[in-house]
Amino acid sequence: MEDEPVVPEPATRRSKRARAQVRTADFTRTDKIEDELEEEREESSDDLQENRRKPKRNKATEGASTSAAAARKADSSLIEVVKGDGKEIPDVVKRWVEHYDKNQKSATADLLSMLFEACGAKYCLQEEDIDMTDVDDVVVALVNMARRGEIEDYQSSKRAFKNFKDNLIYFWDNLVSECQSGPLFDQSLFDRCLDYIIALSCTPPRCYRQIASLMGLQLVTSFINVAKVLGAQRETTQRQLNAEKKKKIEGPRVESLTKRLSMTHEKITTMEEMMRKIFTGLFVHRYRDIDPDIRMSCIESLGVWVLSYPSLFLQDLYLKYLGWTLNDKSAGVRKTSVLALQTLYEVDDNVPSLNLFTERFYKRMLELADDIDISVSVCAIGLVKQLLRHQLVPDDQLSSLYDLLIDDPPDVRRAIGALVYDHLIAQKFNNSQSRSTGSDSDSSEVHIIRMLQILKEFSTDPILSLYVIDDVWDYMGGMKDWKCIIQMLLADNPSAELDDVDATNLIRLLFASTRKAVGERIVPATDNRNPHYTKAQKEIFENNKRDVTVSMMKTYPQLLRKFMPYKDKVSPLVEIIVHMNLELYSLKRQEQNFKAILKLMREAFFKHGEKDALRSCVKAIKFCATDSQGELQDFAQNQIKELEEELIGKLKSAIKDVVNGGDEYLLLVNLKRLYEFQLSHRVPLESMYQDLVHVLKSFRTIDDEVIAFLLLNMFFHVSWCLQSVLSSETVSEALLSSLVEKRDALLEQLEYFLDKPLKLHGDVSYKNQLAYRVCGILADTWCLFKRIRFASTNLEMLGYSPDESIVKKYWKMCEQLLNVSEEDEGNREYVEETNADAVMFALAKLVATDSVPKEHLAPEIISHLEKYGTSVSETVKHLVTSLKKKGDISSILVETLKMAYQRYLVALSGNDKSLSSKLFQECKSLAARLSGSYVGVARTKYKAEIMNIVKEGISYAFSHAPKQLSFLDGVVLHFVSKLPAPDILDIMRGVERRTENVKTDEDPSGWRPYYAFLDTIREKYLKNEAVKDGKEGTSVRRRGRPRKKQDLQGKRLFDEQSSSEEDDSISGSDQDATVEEKQEDDEENVPLIHSLKASSKLRSLKVSKEDKRDQTRTVDAGRATEELTPKTSGASS
């Protein structure tokens, strides 16, 4: 293949999804046109039937109106017909052909005038000037008209422009069809039209290039339709001639057939010559036009040509343009090219001719599967499926595609899921594999085994396994074959291909598939909205729930018995019952199996001590107690009571062992069980509460994890007691006193551990866990019993407010925890409850709910904003927003900035220049971020608040001048810029008055920040004044694209000696800027819940994956620039 020209470098951000383009083929097929005409005839006949029921009209009147309408049609110009509804085009074309047969020059002049007016220029040719007029002279005149703004803009209405383009395409297709019996081959009419179309397609005005390109591309499509008909005639004539020659009789029949064959061949040659003329004169320039719409039209048309006329276009001379545009900077052009190639590879006969093209461009096709545009990615994955179907891609090149199974966009993941199913699970692309219905290769078991091989790659992370299952679920019927999955799990002699990891993955697959079948999401949605299902979908979910229940009704107890000892298998297996229809157990008389299931779940609860297993057991048992009916519900509730009694008995026994000097393990396990149970169910611990307090007071040296769960269980018991009090109509004094006593005992123990130093050494698994728990429990307790909640009520004695000294100690511990790195955060089993996010959430809750005085705690929280991670910073931002809604927070922000600045002064006094410089920069960044919240309307709404911050900041800076004057330049200045110009002037004068009697020359370096502040503030003030003066007389700020120069006369599309590339570069830059702004808005609107709920491992994987993708895209962009980059050109091409 030839060396490729240079294409623009692909964009570096994921853009919005491109609109689906209308294929020109939809408007050119003769059969479709005939169908439309037939429908019109049927509609007209229906109208006649209706008219028969109406009173008869005067025949003379009807005849007059009909003749008048015919006269109007005859008088209509070609361009008026094209601008109309398009129904008259076939009749008008027929009349024009009749006119051409009578007077060629007049008809040609009318057609060319229509051609020019279709481009927007009202330029008429006279029939006597047809032969004498030079094409270049006419085109120059048309360009001059565009320069003077004397052309019509058809694009003012998108709908009207689309209708106009459709009619124009329809007109030229009809014209070619009507002319194939004569004018098409007279080497005059269409040669002249092609000369003008090609010349206009290379002019600077964009509207000329758009319409000329549209007409030229359509002519090739119409020529192909004629050539295909002629080709069929040539084949028929050749067969007839061969039959006559076999008779070995020379005669007029043979001579006639030979002549007809020669004439048909000449016509086909003429058609192909005109196709090549348009291709070389128009396509090779416009496929790299500056306008992406023109480029899209070219590539879309080329795809249609290659598919419909492969004898000419299915060769590398033409295919290379489809390969080059895979690197186009416009996502729409890349998508069009991918779709064109996809249709080519769908035809098996085309594949041999595509071998060299595939070898050259298949790597780029694979890269597009991870394109920055989602729609391009999805289409490229469909193209890769076609390549795999023909076995044109080595399997070792597909590893990067499989990484997209856990990509962010759901559409991309679904497309890759379909590819994985077809290629790896169903193996549809493996010719050596039998694919007959009912064969072993198509059985559910075989598909499931292949799926397990894929899941084994993600077995260490259940979250990633869920993503893979979610991607493939819609395409893999084996995942809904519940009986097959259960048989594989219960097999006495499991297949040698299944090991323990496969069994774990198979149970996860069963659980995830069950959730999907009943309409539940198994991976987080990007919009976090509750899904809305139709009535039909809900019926499908209910049927699936019924099928799951029937399939597992008898085998569920067997599965629980078999896999109960395994902690990684029991959790998903137990939780399946939550998605079953328990009513069927009564209807199917399976009460004994239901009771057996509950007993086994209770047994599993006491057999395991891990969070997931315990939580699943509690959830399943609670579900059975609430959703079952009649006798089964009573049995389930009795099981809960027996579980409570057994748990309390085991806990008492474990406490007794610890008191007697025994091991702490049983106490820890039973405390975890009690904690998980208390999360959703109240356990009567009145008789045990003092025992828990006694253990805490008497055994200070026991393990921190044991202490943490002791405190948690005490807190939950107090919370359940408070909930009981609040829900009761009458409460006794004794009950309130008991609750207050329990609360005070809990607070006493929590405050004791506030003074305990953090564990910064030792076992990483349990490091600092107690501190995290103390912070969380204290915050929750203070919020539950905050004094303002119970003030002026009968429960006022329940109100509590911590002392300021306790709050300071609490902040000190939280501050230390916020500085702990992610690798050292708490117990990984409860990582979501023992990390920096949980600490900041507790702090923010205390401030936002007014549970503690916020004057000290709020500034401390906000002043460290620059040191926090992303998710923690987001929580602080929400806190600031919440405080703003409640009232003026200027005093809090001023105190925040003072604290940050004070840390800088301390470092400065210690002569640590690097630390002081870092802290001052953090202080400035903090001021910039806080002032950045006052933008737009907020600058006016919170003007008084901003003014207070500025005045308090200035007073603070001059309180110890010149030592603290850097506070002006580093902090106050950010807020001054948010004020209107008159206020800035007042502030500047007020600052100057403070130094009227001060000798600033004695310490020039100390007063330098003061002068820097004044210089900057003058600049800001003068700048605002200049802007104000420049906008004088303007009442509304213009948004969007910049206004065009006012000295343009009419619609001037270009200046002197300018090309279309220069004229259109502005629109390209505007488009890029708009795309970037939209992407930035999308990034800012990402819900906070995504970052808060993501596991640390998944976050790290995502980060590494993004880094890898960025590197890959950088390499790809460079490669595209060096090897495969056609230049985007304008009219100069």
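Rules used in this analysis
Residues numbered from 1 in each chain as written. Predicted model: local features only at pLDDT ≥ 70, side-chain atom pairs only at ≥ 80, totals over all residues. Heavy atoms only, no water. Helix = DSSP H or I, 4+ residues; strand = E, 2+ residues; numbered from the N terminus. Buried < 20%, exposed > 50% of the residue type's maximum accessible area, 1.4 Å probe, protein only. Areas by Shrake-Rupley, 256 points an atom, 1.4 Å probe, with all protein chains shown as cover. Phe/Tyr/Trp six-rings, centres within 6.5 Å; stacked < 30°, edge-to-face > 60°. Lys NZ or Arg CZ within 6 Å of the ring centre and 35° of its normal. 1 Å grid on protein atoms, 1.4 Å probe; cavity = no way out; pocket = protein on both sides within 12 Å on 5 of 7 lines; lining within 4 Å. Points joined across faces, edges and corners; volume = space filled by probe spheres on them. Nonpolar A, V, L, I, M, F, W, Y, C, P; charged D, E, K, R; others polar. Contact = heavy atoms within 4.5 Å. Polar contact = N/O pair within 3.5 Å; in protein donor to acceptor, adjacent residues only side chain to side chain. Core = buried A, V, L, I, M, F, W, Y, C linked by side-chain atoms within 4.5 Å. Axes fitted to C-alpha atoms, helices over the stretch in contact; angles between N-to-C directions. Parallel < 35°, antiparallel > 145°, perpendicular 65-115°, else oblique. Left-handed = near helix turned anticlockwise from the far one by under 90°. Salt bridge = Lys/Arg side-chain N within 4 Å of Asp/Glu carboxyl O. Expected span 1.5 Å × (residues − 1).

Assigned secondary structure in the protein chain consists of 49 helices and zero strands. Per-residue burial over the protein chain gives 48% buried out of 1133 residues. With an accessible surface of roughly 56300 Å², the protein chain has 48% of that area assigned to carbon and sulfur atoms.

Inspection of the entire model under this criterion finds 38 aromatic pairs. A ring pair is formed by Y287 and Y321, whose centres lie 4.9 Å apart and whose planes are at 75 degrees; its orientation type is edge-to-face. Separated by 34 residues along the polypeptide, Y287 in the loop between α10 (252–286) and α11 (292–308) and Y321 in helix α13 (residues 316–324) bring together distant segments of the chain. The same class applies to Y287 as to Y321, namely buried. On the basis of an interplanar angle of 90 degrees and a centroid distance of 5.6 Å, the ring pair of W1007 and Y1010 is categorised as edge-to-face. Separated by three residues within a single helix, W1007 and Y1010 lie in helix α46 (residues 1004–1030), roughly one turn from each other. Residue classification places W1007 among the buried positions, given a relative accessible area of 7%. The rings of F279, F283, Y287, W305, F313, Y318, Y321 and W324 are connected pair by pair, giving a single aromatic cluster. The ring of F361 has R360 lying over it, and the distance from NZ or CZ to the ring centre is 5.3 Å. Lying over the aromatic face of W473, K480 brings its terminal NZ or CZ to 4.1 Å of the ring centre.

The gaps left among the atoms become clear once a water-sized probe is rolled over them. If you walk through the whole model with that rule in mind, you get six cavities of 30 Å³ or more. What the second largest cavity holds in volume is close to 70 Å³. Lining the second largest cavity are S863, H864, L865, E866, K867, A900, R903, L919, E922 and C923. Of the residues forming the lining of the second largest cavity, the biggest block, three residues, is contributed by helix α41 (residues 913–931). Across the lining of the second largest cavity, the residue classes tally to four nonpolar, two polar and four charged.

On to unusual backbone geometry, then. With an omega dihedral of 0 degrees, the bond running from A961 to P962 counts as a cis peptide bond. Despite not being glycine, R589 shows a phi value in the positive range, around 55 degrees. On the secondary structure map, R589 appears in the loop between α26 (583–587) and α27 (591–607). Overall, R589 belongs to the exposed group, its relative accessible area being 71%. The backbone of S792 sits at a positive phi, close to 60 degrees, despite the residue not being glycine. For S792, the location among the structural elements is in the loop between α35 (787–790) and α36 (804–818). Given a relative accessible area of 72%, S792 falls into the exposed group.

Residue position: T108 is located in helix α5 (residues 104–118). Among the residues examined, T108 registers a relative accessible area of 4% and is labelled buried. T108 has contacts with W96, Y100, I130, L189 and R192, leaving out every residue within four places of it along the chain. In terms of polar contacts, T108 uses its side chain to reach the backbone carbonyl oxygen of Q104, at 2.7 Å.

This part takes up the nonpolar core. Of all hydrophobic cores here, the largest spans 336 residues; its most connected members are W172, F313, Y556 and Y810. Aside from chain neighbours lying at most four places away, what touches F313 is V220, I224, M275, F279, W305, V306, Y318 and L319.

In a pair of packed helices, the angle between the axes and the distance between the axes together describe the arrangement. Put simply, helix α9 (residues 206–246) and α10 touch, their axes get as near as 8 Å, and they point 160 degrees apart. When the interaxial angle is binned, α9 and α10 end up roughly antiparallel. Of the two elements, α9 crosses α10, and the hand of that crossing is left-handed.

Below, the discussion takes up the pattern of salt bridges. Enumeration over the complete set of coordinates arrives at 46 salt bridges. Put simply, E367 and R364 hold a salt bridge, and the shortest N to O gap is 3.2 Å. Of this pair, E367 and R364 both sit in helix α15 (residues 355–367), three residues apart, which is roughly one turn of that helix. Ionic pairing is found between E804 and K808, a salt bridge with its closest N-O pair at 3.6 Å. Of the two residues, E804 and K808 both sit in helix α36, four residues apart, roughly one turn of that helix. Given a relative accessible area of 56%, E804 falls into the exposed group. The exposure class of K808 is partly exposed, given its relative accessible area of 40%.

Its 13 residues give helix α45 (residues 981–993) an end-to-end C-alpha distance of 19 Å, which sits within 8% of 18 Å, the value for a rise of 1.5 Å per residue. Taken residue by residue, α45 has A981, D983, I984, L985, I987, M988 and V991 as its buried positions.

With that settled, consider the side chain of D502. Its place among the elements puts D502 in helix α22 (residues 500–517). Polar contacts involving the side chain of D502 include one to the side chain of K456, which spans 3.5 Å.

Two elements in contact, helix α18 (residues 410–425) and helix α20 (residues 462–472), have axes separated by 7 Å at closest approach and are oriented at 80 degrees. Relative to α20, the element α18 is oriented roughly perpendicular. Residue-level inspection shows R413, R414, G417, Y421 and I425 of α18 in contact with α20, the latter providing Y467, D470, D471 and V472.

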